[in-house]
Amino acid sequence: MKLNNQHNSLFISLCLICLSCYSYAFVQQAITAKLTTTQTVFEASEHITLEFELNAPTTVNLVCHSAYGTTIINPDYELSDASFSFPEKISTKKGVLDFQLISEGVTLYQGNITITANTKNTHKLESYIGPPSISAGTHDYTMLVVVPTDGYDNPIANNTPISIKHQFLDDQKEASIKTTDLIAWKTIHSDTKSGRILVSSTLNDVSSKEFSIEVFPAQPTNFTIDYQREHIYADGNQITTFTTSVIKDTYGNTISDGTLVNFIIKNQNNSSLKTQGMSINGVATAFMLHPDHKATWEVTSQINGMATSNTIHINYKGVTEKLPVRFTNANRRISIGPLQSFMEQLIPDGAIVKLTITKNEQILETKLKTTAKGMISFDLEKGFYSPGTYSFIIEALGLTSIHSNIKL
């Protein structure tokens, strides 16, 4: 009988334990929550507090999800076990914020609130513009992009008006554009004149910095060239100066300083020479040394791929018709000179004299030397030129002197 009482006591204890567990689980499953805060839209930096009404006391936390990550907020126990104040790092970020009220892993309530940009504090304008230089004419343009934000770097609402101002020469214009998808933008076309465009933007009392856009002249048009020289003689010493007319673009703007202009020269032998000049105030200047013999030049100019000039012809007269040649030292020294210029003055130092040595109609050697004080000489060493009969062709200043059957 004693054993039966023990069994009964054990059975009753087990029943009480099971009943307690069932009651606890039933209470847990029966807990519900209701959001009592009615406001669902907040401005950035506004104090955000969400309050819930629970049907029974329990430990709860608020899990918040946004584009910036997930944050767990503990309740404000001083106010209520189900009151939650949002920290500044969450309440100042624009966007949709999802939240879940959690109790021991069970979601009691879920919802979301919307945080909008702050309309009261100072705005900021991030402005970008490009390209920084455009061509004159109505076809080319630059673009201004404005990214307006509130003081917490949140993009402001769509359709917010932004004032755009730009000034060019004596003309100043103002336009209003509205934000779309975080930004506002406007294209600014060039005028037919070259110069500088100044651009700025304003939102309420906040202004952007000033931007500067250079409007360069458009593609240059054809132009003319001319030349100047000290005299008409081909002395290989003086300089011929080539100049262009004032080069302009299609709209009458003077081309930019530093534009490269090429001058191409062809002589009577169809050989080409080239010189270049940079434009200053629309005029390009280039220089070329006179030829050292009689010549006729055909000169044209061009800006590569854009504009060309007229063609001019320049004639150069030979400075002399005399080419004095003397053979000495048993014909092994050949002296040329004195070479004189158009006023019977000695030609400038550096004139090229060419000597071609032949034997039995075969060229043995060609020698080149430059004059000094109008004179030049060639020596024919015995070790190189054995005794025999040779022919010599001497060329200088466009003149040719032939000496045949010279015995050494």
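Source: prediction; values computed, not measured.

A.B. asks: Help me understand the side chain of Ser 391 in this model?
C.D. replies: Structurally, Ser 391 can be placed in strand S32 (residues 389-396). The class for Ser 391 is buried, based on a relative accessible area of 19%. Separated by 3.5 Å, the side chain of Ser 391 and the backbone nitrogen of Asn 405 make a polar contact. Residues contacting Ser 391, with those up to four places away along its chain left out, are Thr 356, Ile 357, Thr 358, His 403, Ser 404 and Asn 405.

A.B. asks: How should a nonpolar patch on the surface be read in this particular structure?
C.D. replies: On the surface, Ile 239, Phe 287 and Leu 289 cluster together to form a nonpolar patch covering roughly 290 Å² of accessible area. Mapped onto the fold, Leu 289 is located in strand S23 (residues 283-289).

A.B. asks: Mind showing me how you'd approach the pairing of S32 here?
C.D. replies: Here is the key point about a regular strand: its side chains alternate between the two faces of the sheet. In terms of strand pairing, strand S29 (residues 352-359) meets S32 through six bridges, oriented antiparallel. Each residue of the ladder has a partner; that of Val 353, found in S32, is Ala 396. The pairing of S32 with strand S33 (residues 399-407) spans seven bridges and is classified as antiparallel. When the bridges of S33 are listed, Phe 392 appears paired with His 403. Between S32 and S33, which follow one another and run antiparallel, lie two residues, and Leu 397 among them has a positive phi close to 55 degrees.

A.B. asks: Sorry if this is basic, but what is going on with the side chain of Thr 58 here?
C.D. replies: Inspection of the secondary structure assignment puts Thr 58 in the loop between strand S3 (49-54) and strand S4 (61-66). Polar side-chain contacts of Thr 58 include one of 2.9 Å to the side chain of Ser 103. Leave out the neighbours within four places in its chain, and Thr 58 touches Ile 31, Ser 103 and Leu 108.

A.B. asks: How should I be thinking about the packing of aromatic side chains in this particular structure?
C.D. replies: Each aromatic ring pair is specified by the distance between its two centres and by the angle formed by the two planes. For the structure on display, the rule yields nine aromatic pairs. Seen in terms of ring centroids, Phe 52 and Phe 84 are 6.0 Å apart; in terms of plane orientation they differ by 75 degrees. Their pairing is edge-to-face. Highlighted residues: Phe 52 in strand S3 and Phe 84 in strand S6 (residues 83-85), separated in sequence by 32 residues. For Phe 52, a relative accessible area of 6% gives the class buried. For the pair Phe 52 and Tyr 109, a centre-to-centre distance of 5.7 Å together with 65 degrees between the ring planes defines the contact as edge-to-face. Residue Phe 52 is found in strand S3, and its partner Tyr 109 is found in strand S8 (residues 106-116); the two are separated by 57 residues along the sequence. Since its relative accessible area comes to 27%, Tyr 109 is described here as partly exposed. The ring of Tyr 68 carries the charged tip of Lys 93 above its face, separated from the ring centre by 5.6 Å.

Rules used throughout
Residues numbered from 1 in each chain as written. Predicted model: local features only at pLDDT ≥ 70, side-chain atom pairs only at ≥ 80, totals over all residues. Heavy atoms only, no water. Helix = DSSP H or I, 4+ residues; strand = E, 2+ residues; numbered from the N terminus. Buried < 20%, exposed > 50% of the residue type's maximum accessible area, 1.4 Å probe, protein only. Polar contact = N/O pair within 3.5 Å; in protein donor to acceptor, adjacent residues only side chain to side chain. Contact = heavy atoms within 4.5 Å. Patch = residues over 30% accessible without salt bridge, like charges linked within 9 Å, V, L, I, M, F, W, Y side chains within 5 Å. Areas by Shrake-Rupley, 256 points an atom, 1.4 Å probe, with all protein chains shown as cover. Salt bridge = Lys/Arg side-chain N within 4 Å of Asp/Glu carboxyl O. Pairing = 2+ DSSP bridges. Phe/Tyr/Trp six-rings, centres within 6.5 Å; stacked < 30°, edge-to-face > 60°. Lys NZ or Arg CZ within 6 Å of the ring centre and 35° of its normal.

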